[in-house]
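Reading the structure
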Amino acid sequence: MEIHGICAVSRLGAAPRIPASRTGSGSGNKEERNLLPVRVRFAPSPTGPFHIGGARSALFNWLYARRYGGVFIVRIEDTDLERSSRESEENILAALRWLGLDWDEGVEVGGPNGPYRQTERLELYQRCAEQLLRQKDAYRCYCTEAELAAEREALLARGALSGYSGRCRDLSPEDCARLEAEGRKPAIRFRVPDQDAIVVRDLVRGEVSFDCSDIGDFIILKSDGIPTYNFAVVVDDHSMSVSHVIRAEEHLSNTPRQILLFNALGWETPQFAHVSLILGKDRSKMSKRHGATAIEQYQEKGYLPEALVNFLALLGWSTGGEEEVFSLDELIQQFSLERVSKSPAIFDLDKLNWLNGHYIRQAPIEYITDLSIPFLEKAGYLTTPLAPERYEWLKEVVALVRKYLVCLEDLKDHVGIYFSEKVEILEDEAGEALAGSHVPALFAALERLVRDCPALSADAAKALLKAAGKEAGVKGKQIFIPVRAALTGSIEGPDLDKIMAILGKEKVAGRLAGALARDSS
RNA sequence: GGCCCCAUGGUCAAGUGGUCUAAGACACCGCCCUUUCACGGCGGUAACCCGGGUUCGAAUCCCGGUGGGGUCACCA
């Protein structure tokens, strides 16, 4: 297996070791660093469906890359062998593409720093771990999970929950040999230095300081040779020359460990930006019980990617202006890390719904019609391929009902009357409207007029309605309500003349006759 | 519990010491448009967590409290 990016590691020897006394996340001030080419990454672990929060992290990274002409990398953090799967990796990538977030380097597209799946870069981590071992910045730990669990429990009982006892910190080669003879497989632990404070310079949070004594020696390479998250990110972010690490706030407390690793390996740290979390209605971290959390679910319900992107961008970021609706291009123009909010945001489904409806109403009708087709198929209203006239007709249907939609899945509740043969009386009021004494005369007149009409356009329908009313001696609501009831089974809905035009002569006349027959029986 | 982060209407948020009797959006309420519903338009209700400082002056700065969240794994 060939691993690119080894060059980055080979610089190791030459790079000056950053003294342990140094605090801070690396050299160079902000302005200086900003001149560096922007290289950001989205690094999901493929352990389940693509979460809303992950999507926002991906979006922010992508926007940042596009805003500054940088490179957006997608790397797969699949070191959790138990939970990772190709299936969810593909899921995530598909969702990324659906949202319109394309990547320049990474899994599937390749690039100079690949491979982009961590399980395919094991050799690299191995080598870096050995380096640390040689420098005495890491050591082999022979404790078993059971021993560690017991130790943790004891620690917890004393109320001091933190870290590792350091039992294997200073094992002699002989100790190691003996333990290995027992059949124990060592994990590799990082030796956290005696350093007072380590400060994270964060682009959204400012300087955040952590005390080293609060950080216990942590494992960087598991006993099976797989790296641990904190180790793999550092090695990869360096070897992929990542300039800015933009990720969720839950990683903030991991950052000092990572900085320690960067320092020990003699590497410069990237810039960090920790974006606050997305919370559910009850203010706790967004999870399944708060409703749909997977991007996939929104896609299935018929949310538009542009609405979701727009919504996600506004969660934790704002322009400062009054506008709320932004295309991807407009977001790129305006995005900046400086305007990312520090406080967590609650996922507001109402606003997403409004935005989605807004996009459904505003987008070109062909676009919405095309997106609607799979939903109509699924509801059993349509089979593809569509004849051209049928498509034109469908466009009119969609144009008529889209103002009622929150998402495309709602279509099925509004289009039944245009597809089905029979009308179902849905409301009591509709039945009552049909029972009016003037109704038979009105319907008879209208049915005749409709049948005699050469082409039932909306304009023609309007005129016919008026004429029929005149013949029956009624007007206004007395015309519209019963006709609407007969044609749609409901007393509310889109403009009646347009409904009639879409339904066509046959259906209109037939339904009128049907209502009459039903009424007299 | 230790450590860390956060705190403007129900929600998203603008606001970076005076122009704040605090913007905008969603939701809610009302009016208008309309044959109905919806869309749309117009208007309205509603907020600086508490307590101390600093200052001529604080939503804005500092300290403390409270509340919420995150994190403490051979998970990421």
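For the structure itself, look to the data block above.
So, here is what we can say about the structure in this document. Note that the coordinates shown come from a computational prediction; the quantities given were computed from them, not determined experimentally.

A word on the sheet that holds strand β8 (residues 218–221)
Reading across from one edge, β4-β5-β8 is the order of the three strands in this open sheet, with antiparallel pairing throughout. The open sheet has two edge strands, β4 (138–141) and β8, and neither has a second partner. Each strand axis lies, on average, 45° off the axis of its neighbour in the sheet, ignoring direction. Of the pairings in the sheet, the one linking β4 to strand β5 (residues 187–190) comprises four bridges and is antiparallel in character. In the strand pairing of β5, R140 is matched with I188. Strands β4, β5 and β8 of the sheet are contacted by helix α5 (residues 122–134), whose axis makes an angle of about 130° with β8.

Side note on the protein's contact with RNA strand B
Taken together, 62 residues lie near RNA strand B, and T79, R205, K222, Y404 and G493 sit nearest. When the atoms of RNA strand B within 4 Å of the protein are sorted by group, sugar and phosphate make up 72%. In this structure, R83 approaches RNA strand B through a side-chain N or O atom, which is 3.4 Å from a sugar or linking oxygen. Every element with two or more residues in the surface near RNA strand B is listed here: α6 (145–157), β5, β7 (206–211), β12 (345–346), α13 (349–362) and α20 (477–488). The element contributing the most residues to the surface near RNA strand B is α13, with four residues. Looking at side-chain class alone, the surface near RNA strand B contains 21 nonpolar, 15 polar and 26 charged residues.

Some thoughts on the packing of aromatic side chains
The final tally for this structure, using the stated rule, is 11 aromatic pairs. Consider the rings of W393 and F419, whose centres lie 5.3 Å apart with planes at 90°: the pair is edge-to-face. With W393 in helix α15 (residues 388–401) and F419 in helix α16 (residues 416–419), this residue pair connects regions lying 26 residues apart in the sequence. Each member of the pair, W393 as well as F419, is classed as buried. An aromatic cluster of at least three residues, connected via ring pairs, comprises F60, W317, F326 and F335. Across from the ring centre of Y164, 3.5 Å away, lies the NZ or CZ of R189, which sits over that ring.

Quick notes on the layout of surface pockets
In this model, the largest pocket occupies a volume close to 1200 Å³. For the lining of the largest pocket, the secondary structure elements donating two or more residues are β1 (39–42), α3 (52–67) and β9 (244–248). The element contributing the most residues to the lining of the largest pocket is α3, with five residues. Split by residue class, the lining of the largest pocket holds 14 nonpolar, 14 polar and 10 charged.

Notes on the side chain of S336
Here S336 is to be found in the loop between α12 (328–334) and β12. By relative accessible area, S336 is classed as buried at 12%. Excluding residues that lie within four positions of it along the chain, S336 makes contacts with Y68 and W317.

Concerning the packing of α5 against helix α8 (residues 229–239)
Two elements in contact, α5 and α8, have axes whose closest approach is 10 Å; the angle formed by their N-to-C orientations is 105°. Regarding the angle of α5 to α8, the classification is roughly perpendicular. On α8, the residues that touch L124, Y125, C128, A129 and L132 of α5 are F231, A232, V235, D236 and S239. Of the residues in the contact of α5 with α8, the class split is eight nonpolar, one polar and one charged.

Regarding unusual backbone geometry
In this structure, the amide linkage connecting G114 to the following residue, P115, adopts the cis form with an omega of -5°. Tracing the sequence through the fold places P115 in the loop between β3 (105–106) and α5. Phi at K136 is positive, roughly 65°, even though this residue is not glycine. Following the sequence through the fold, K136 ends up in the loop between α5 and β4. Backbone geometry at S241 places phi at a positive 50°, although glycine is not the residue there. Note on placement: S241 falls in the loop between α8 and β9. Residue class for S241 comes out partly exposed when judged on its relative accessible area of 39%.

What counts and what doesn't
Residues numbered from 1 in each chain as written. Chains lettered and ligands numbered in written order. Predicted model: local features only at pLDDT ≥ 70, side-chain atom pairs only at ≥ 80, totals over all residues. Heavy atoms only, no water. Pairing = 2+ DSSP bridges. Helix = DSSP H or I, 4+ residues; strand = E, 2+ residues; numbered from the N terminus. Axes fitted to C-alpha atoms, helices over the stretch in contact; angles between N-to-C directions. Contact = heavy atoms within 4.5 Å. Near = heavy atom within 4 Å. Polar contact = N/O pair within 3.5 Å; in protein donor to acceptor, adjacent residues only side chain to side chain. Nonpolar A, V, L, I, M, F, W, Y, C, P; charged D, E, K, R; others polar. Phe/Tyr/Trp six-rings, centres within 6.5 Å; stacked < 30°, edge-to-face > 60°. Buried < 20%, exposed > 50% of the residue type's maximum accessible area, 1.4 Å probe, protein only. Lys NZ or Arg CZ within 6 Å of the ring centre and 35° of its normal. 1 Å grid on protein atoms, 1.4 Å probe; cavity = no way out; pocket = protein on both sides within 12 Å on 5 of 7 lines; lining within 4 Å. Points joined across faces, edges and corners; volume = space filled by probe spheres on them. Parallel < 35°, antiparallel > 145°, perpendicular 65-115°, else oblique.

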